[in-house]
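Chain residues, written in single-letter form:
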Amino acid sequence: MITPILLCGGSGTRLWPLSRKSYPKQFAHILGDESLFQASARRFVGPGFADPLVVTGNEFRFIVTEQLEACGIRPAGILIEPEGRNTAPAAVAAALEVMRRDPEGIMLLVPSDHAVADPAAFRAAVETGLPAAEAGRIVTFGIAPSRAETGYGWLEAGEPIHPGVHVLTRFVEKPDAARAAELLADPRNLWNAGVFLARASTLVEAFREHAPDILARVSDALGAAETDLNFTRIDAAIWSRVPEDSIDYAVMEKAKNVAVVRFAGHWSDLGGWESVWQESAQDASGNALSANATAIDCAHTLLRSEDPGIELVGIGLSNVVAVAMRDAVMVADISKAQNVKQVVKILKDRGAKQAVQFPVDHRPWGWFETLILADRFQVKRIHVHPGASLSLQSHVHRSEHWIVVKGTARVTVGDEVKLLTENQSVYIPLGAIHRMENPGKVPMVLIEVQTGSYLGEDDIIRYEDIYARK
C-alpha cells in the first residue's frame, strides 16, 4: 500500500486576495466545488492507496479535519509543524512516521495545491513508478510541457530503467524565456511537479547521506512530539533549530538513485492568477467569469467576485485579472499578476489586516466573520456546526449580545443554561463565564454584538474546551 503524504502547511501569497496566510489557496475553492486540498486527497483514494498522512500547520489543523470529513476521507494521522521550515523537514517527518508504522512502507509525497484534470491517469503514472520505488529508487514525476514555462523548474529524463521510468539526469532551475524555449524543444525535458514516490526508508537514507543535520533534528523533534486530540504536535523548541530547506536542494539534486516518470496529462500548480485564468472555463473571447461577474467588450480577462453581494463588471478590458472580495479588490495586467506578492508585503508593512487575515475566520466549531468593526463595538456573524461547542470562557474588556437567526443554541451564562431559538437573544455581561453550543442537526447562526474598550480575539479566558486549545 502507498501512503499519500499531503503537504498543506504553506501560506501562498501569489493568489492574494483569495489566498492569505490565515486561509491559503489549498483550502480555497478555486476551480470548483472542492478545495484543492480536497481534490488532492481524493486523487489518491482507491486500491493500492492507504489513508493519507497530512503535514500541516497548527492554524490549519481543524480546517484539514473538516475538509477531509466533508469528502469522506479519514486521515491516517495529522502531523503539526510548529512553523514552516520548507519541504525537506516536512518530508523527513512524514517518512519517519511512515517507517514507525511500517518499516517497509512506501510513501507518495504530494503538494496539496495542484490541479490535475485526470486523477486516474495520474494514479496510473504512480503505478508505473512503483516497481522502481520498491527497488530502492526515489521516483519523481515530470509533466510533459505544453509551453516554454519560466515559472516552473524542469527535469531532464535519461535512459529507461523500468517500463515508463527513466534515470533523472538533472534538475534545471526556473529558466529565463530563451532557456525555457530551448528546454521545450528537447523532448527529454519535463516540468518538475514536485511529487515523489519512494520507500520511506529510502528517503530517510538519502537524508542521512546528503542532509544529516535535517534528519537528526527532525528525528529528535518528532521523538519529543505530543499527542493532542487526533493530532501529533512536533516539539516546537527542537523544530525551531531544524535547518530550513527544500527537498530538491537538500536531497534530490544530490542523490544518485532518483528516477522520473513522464506524465502526459494536464497538470498545473496554480502558481498565479494567470494559471487560474488558463485553467478556468472561458467564453469565445477568452474571458473567465465567476458568478456575479459580467464582461462587456472584454478579451482574455479573468473576473472573479468572491462575494455574492458584490457585482463585478468589466468594460473594454483586455488581459486583465480582477478579483473582488468583501474586504479587498485586486486589479492587474494578467502578465504582471505575479507581482501581487509585492502588494502583500506593502500591505503588511502598512499594518493592513487584509495582507494576511481572511475575512472569514475558521474555527474548529465553525466560522465567524466581522460585519462591522468600530471604535468600541463590533458586529459578527457566527456559524456553529451541528453538535459543535465553543469553549467555556469569559472576557475582561467586553460584553456581548447574541441573537439567534438560524437553528437552536444552548447557551450557558454563569450557572444558567437555556435554549434559544430563532429571533431570541441573550446578554453576556462583562466578566461572565459563558458558552454557546449547537445541540441540533442543522447549522446554528447567530449575530453577536460586542461592546467594550478592547475587542481583540485574544481577550478570552478559557476554562473548558473540547478542542484542547490553550
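Residues numbered from 1 in each chain as written. Predicted model: local features only at pLDDT ≥ 70, side-chain atom pairs only at ≥ 80, totals over all residues. Heavy atoms only, no water.

Novice: Can you lay out the environment of L312 for me, pointing to particular residues and giving the numbers?
Specialist: In this structure, L312 sits in strand 17 (residues 312-315). Considering only alpha carbons, one finds L312 and Y249, 63 residues apart in sequence, at a separation of 43 Å. The contact partners of L312, leaving out residues within four places of it in the chain, are N292, A293, T294, L303, R304, S305, A322 and A324. (Helix = DSSP H or I, 4+ residues; strand = E, 2+ residues; numbered from the N terminus. Contact = heavy atoms within 4.5 Å.)

Novice: Outline the sheet that holds strand 14 (residues 288-289), supporting the account with residue identities and numerical values.
Specialist: The four strands are arranged 14-16-18-19 in an open sheet whose pairing can be described as mixed. Lying at the two open borders of the sheet, with one neighbouring strand each, are strand 14 and strand 19 (329-333). Where strand 14 meets strand 16 (residues 302-305), two bridges bridge the pair, whose relative direction is parallel. Its bridge partner lying in strand 16, A288 is registered against L302. (Pairing = 2+ DSSP bridges.)

Novice: Provide a residue-level description of the sheet that holds strand 24 (residues 398-406), including the pertinent values.
Specialist: Sheet architecture is open: six strands sit in the order 20-21-22-29-24-27, paired in antiparallel fashion. Of all the strands in the sheet, just strand 20 (360-363) and strand 27 (425-428) have a single pairing partner and so form its edges. Neighbour-to-neighbour, the strand axes of this sheet turn through a mean angle of 20 degrees, independent of strand direction. Bridging between strand 24 and strand 27 involves four bridges; their strand directions are antiparallel. Counted as the bridge partner of I403 is S425 from strand 27. (Axes fitted to C-alpha atoms, helices over the stretch in contact; angles between N-to-C directions.)

Novice: How would you summarise the pairing of strand 9 (residues 189-199) if you had to cite specific residues and measurements?
Specialist: Counting buried residues along strand 9, ten of its eleven residues qualify, which places the element largely inside the surrounding structure. Bridging between strand 4 (residues 106-111) and strand 9 involves four bridges; their strand directions are antiparallel. The residue of strand 9 that forms the bridge with M107 is A198. Relative to strand 9, strand 6 (residues 138-143) runs antiparallel, the two being bridged by four bridges. Residue pairing for strand 9: T140 is matched across the bridge by F196. (Buried < 20%, exposed > 50% of the residue type's maximum accessible area, 1.4 Å probe, protein only.)

Novice: Requested: an account of a nonpolar patch on the surface, with residues and values cited.
Specialist: On the surface, a cluster of nonpolar side chains totalling about 330 Å² of accessible area is made up of V396, I433, I461 and Y463. Along the chain, the position of V396 falls in the loop between strand 23 (392-394) and strand 24. (Patch = residues over 30% accessible without salt bridge, like charges linked within 9 Å, V, L, I, M, F, W, Y side chains within 5 Å. Areas by Shrake-Rupley, 256 points an atom, 1.4 Å probe, with all protein chains shown as cover. Salt bridge = Lys/Arg side-chain N within 4 Å of Asp/Glu carboxyl O.)

Novice: A description of unusual backbone geometry should follow, citing residues and the corresponding values.
Specialist: W16 connects to P17 through a cis peptide bond whose omega is 10 degrees. Looking at the element boundaries, P17 is found in the loop between strand 1 (2-7) and helix 1 (36-43). At N319, a residue that is not glycine, the phi angle is positive and equals roughly 55 degrees. Among the structural elements, N319 can be located in the loop between strand 17 and strand 18 (320-324).

Novice: Provide a residue-level description of the nonpolar core, including the pertinent values.
Specialist: Ranked by size, the top nonpolar core spans 92 residues in total, and within it L108, V126, F141, L197, W273 and V321 carry the most contacts. With five residues, helix 4 (residues 119-134) is the single largest residue contributor to this core. In contact with F141, other than residues within four places in its own chain, are L108, A125, V126, L155, W191, N192, A193, V195, L197, V260 and V261. V98, M107, L190 and V258 belong to the second largest nonpolar core, which has 46 residues in total. (Core = buried A, V, L, I, M, F, W, Y, C linked by side-chain atoms within 4.5 Å.)

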